[in-house]
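Observations on chain architecture
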Amino acid sequence: SVQMAVRRIAMRALACVACASALATGPARGARARPRTAVVTEAAATDEPLLLRAARGEKVERTPVWMMRQAGRHMKVYRDLVAKYPTFRERSEIPEAALEISLQPFRAYGVDGVILFSDILTPLPAMGVEFQISEGGAISIPPIRTEADLAKFKGKGEFDATTACPFVGEVLGKLREEVGNKATVLGFVGLPFTLASYLVEGKTGTTSGFAEVKKMREENPELLHGILSKLADNIGDYACYQVDQGAQVIQVFDSWAGHLPKDQYETFAMPYQKRVVEAIKAKHPTTPVIIYMAPDIHSKDGQFLDLLATTGVNCVSLDYTVDFADVRAKMPDHLALQGNLDPKLLRDGPLEKIKEETEKILQAGAHNGHVMNLGHGIEADTPEPHAKFFVDTVQGFRAK
């Protein structure tokens, strides 16, 4: 009705005013937190799914929940598909397989977020870079280590996900059809530094301590900046393509940036994080963006959270090394938070401890700009009943 439409527009306007005010007056790091003032959105007043609203920073009727890596090896139905689709790239690039796998945790657990089953390396062939992933997780990529390699990388022309990754768009569109407003569809991308680490190393950098990336940072930083700049352009385009095709939220991952000392992080990671977020917001200003960085030597214990909060994202996903309540008190009011149950606790239990720690986080989040998740991807040997118990605990909780 006309009255309902006017009501929705008014609520959106109030939400924008609240967010703008919070952004202008957010507390300094370490300052005493004020009560958060996000707009309460009544379920009856919107046709938007719960997680989408929470990721924007809105106060919602209950806290939504999903789990990083929720679609994958911990589920028997996923392992059963391996016989039919024996390689990871088949499972993630054949639309019917990727669709089925993406939906498995939604069907089994009733999660509030359904994330595309894919990989941060998936767009590389669209950039002229092939890759292989073994069943054990080993990655092989032709490395980019010289000016000639970079020239070849840049010479591939415009990034075109529609031509090179049509399966991504097809799956996202079908996910929207499947889940309707019962869940939020999430897309995701890897951020430039993390992707560059694969391109320069030619494999997962953890196996060598990121030796080649460190060498390039020290001996030829301009070459590394050239790689990062091209990746930023392409990944921004790829994220926007995902939104165009149906993703309602985008999560961006800088998984390996936490091994950088702060000055190096501010030089080689953070500017390119901002470029990707800016590209998404330029085309899709109302699409929430969540950022996550894995805990590493320089990023664990929340060392870079204040920097992540300035990247232009709507939501920062916390790892398991920080206390949720402590971070909430230090973060700007407008910023939503995601996380952050320890995935090892979810795996090992007992259920009583899972419930206790989950409810402690939920109480601190108070259904106000909080998306419940793990502090890292779910462990592959996590019992499915534990995952179901976690989701049920979150969905049954109401803050006091």
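This one's a predicted model, so the numbers in the text were calculated from it and none came from an experiment.

About the cut-offs
- Residues numbered from 1 in each chain as written.
- Predicted model: local features only at pLDDT ≥ 70, side-chain atom pairs only at ≥ 80, totals over all residues.
- Heavy atoms only, no water.
- Helix = DSSP H or I, 4+ residues; strand = E, 2+ residues; numbered from the N terminus.
- Buried < 20%, exposed > 50% of the residue type's maximum accessible area, 1.4 Å probe, protein only.
- Contact = heavy atoms within 4.5 Å.
- Areas by Shrake-Rupley, 256 points an atom, 1.4 Å probe, with all protein chains shown as cover.
- Pairing = 2+ DSSP bridges.
- Axes fitted to C-alpha atoms, helices over the stretch in contact; angles between N-to-C directions.
- Phe/Tyr/Trp six-rings, centres within 6.5 Å; stacked < 30°, edge-to-face > 60°.
- Lys NZ or Arg CZ within 6 Å of the ring centre and 35° of its normal.
- Arc of directions from axis to C-beta.
- Expected span 1.5 Å × (residues − 1).
- Salt bridge = Lys/Arg side-chain N within 4 Å of Asp/Glu carboxyl O.

1. Some words on the overall build of the protein
Looking only at helices and strands, the protein has 18 helices and nine strands in total. Per-residue burial for the protein yields a buried fraction of 56% across its 400 residues. Sequence-distant contacts, at least 24 apart, represent 75% of the contacts inside the protein between residues at least 6 apart. Accessible area for the protein stands at about 16400 Å²; split by element, carbon and sulfur atoms hold 54% of it.

2. Thoughts on the sheet that holds strand β4 (residues 184–190)
The strand order across the open sheet formed by seven strands is β1-β4-β5-β6-β7-β8-β9, and the pairing between neighbours is parallel. Each edge of the open sheet is held by one strand with a lone partner, namely β1 (113–115) and β9 (370–371). Of the strands in this sheet, β4 and β5 (249–253) touch helix α11 (residues 221–245), which is tilted by about 170 degrees from β4.

3. Thoughts on the packing of aromatic side chains
The final tally for this structure, using the stated rule, is seven aromatic pairs. Ring geometry for Tyr265 versus Phe304: centroids 4.3 Å apart, planes at 25 degrees, classification stacked. Residue Tyr265 is located in helix α12 (residues 262–268), and its partner Phe304 is located in the loop between β6 (289–292) and α14 (305–308); the two are separated by 39 residues in the primary sequence. Lying over the aromatic face of Phe131, Arg89 brings its terminal NZ or CZ to 4.2 Å of the ring centre.

4. Let's talk about the side chain of Thr204
Positionally, Thr204 belongs in the loop between α9 (192–201) and α10 (211–219). On the basis of relative accessibility, which here comes to 15%, the residue Thr204 falls in the buried class.

5. Thoughts on α10
Of the residues making up α10, those classed as buried are Val213, Met216 and Arg217. For α10, the arc enclosing every buried residue in end-on projection is 100 degrees, short of the 170-degree limit, so these residues lie on one face. Every exposed residue of α10 that faces more than 90 degrees away from the buried side is listed here: Glu218 and Glu219. Along its buried surface, α10 packs onto α9, α11 and α12.

6. Some words on α11
A rise of 1.5 Å per residue sets the reference length of α11, with its 25 residues, at 36 Å; its end C-alpha atoms lie 36 Å apart and thus fit the reference within 8%. A large share of α11 lies buried, amounting to 18 of its 25 residues. Just downstream of α11, Gly246 is the residue with a positive phi angle, here 140 degrees.

7. Notes on the pattern of salt bridges
On inspection of all chains with the given rule, the structure shows 23 salt bridges. The closest approach of N and O atoms between Arg62 and Asp112, which form a salt bridge, is 2.8 Å. Separated by 50 residues along the polypeptide, Arg62 in the loop between α2 (50–55) and α3 (76–81) and Asp112 in the loop between α5 (95–109) and β1 bring together distant segments of the chain. Comparing Arg62 with Asp112 shows no difference in burial state: the two are buried. Here Asp233 and Arg275 are joined by a salt bridge, their closest N and O atoms 2.8 Å apart. Here Arg275 lies in helix α13 (residues 270–283) and Asp233 lies in helix α11, a separation of 42 residues in the sequence. Residue Arg275 is classed as partly exposed on the basis of its relative accessible area of 30%.

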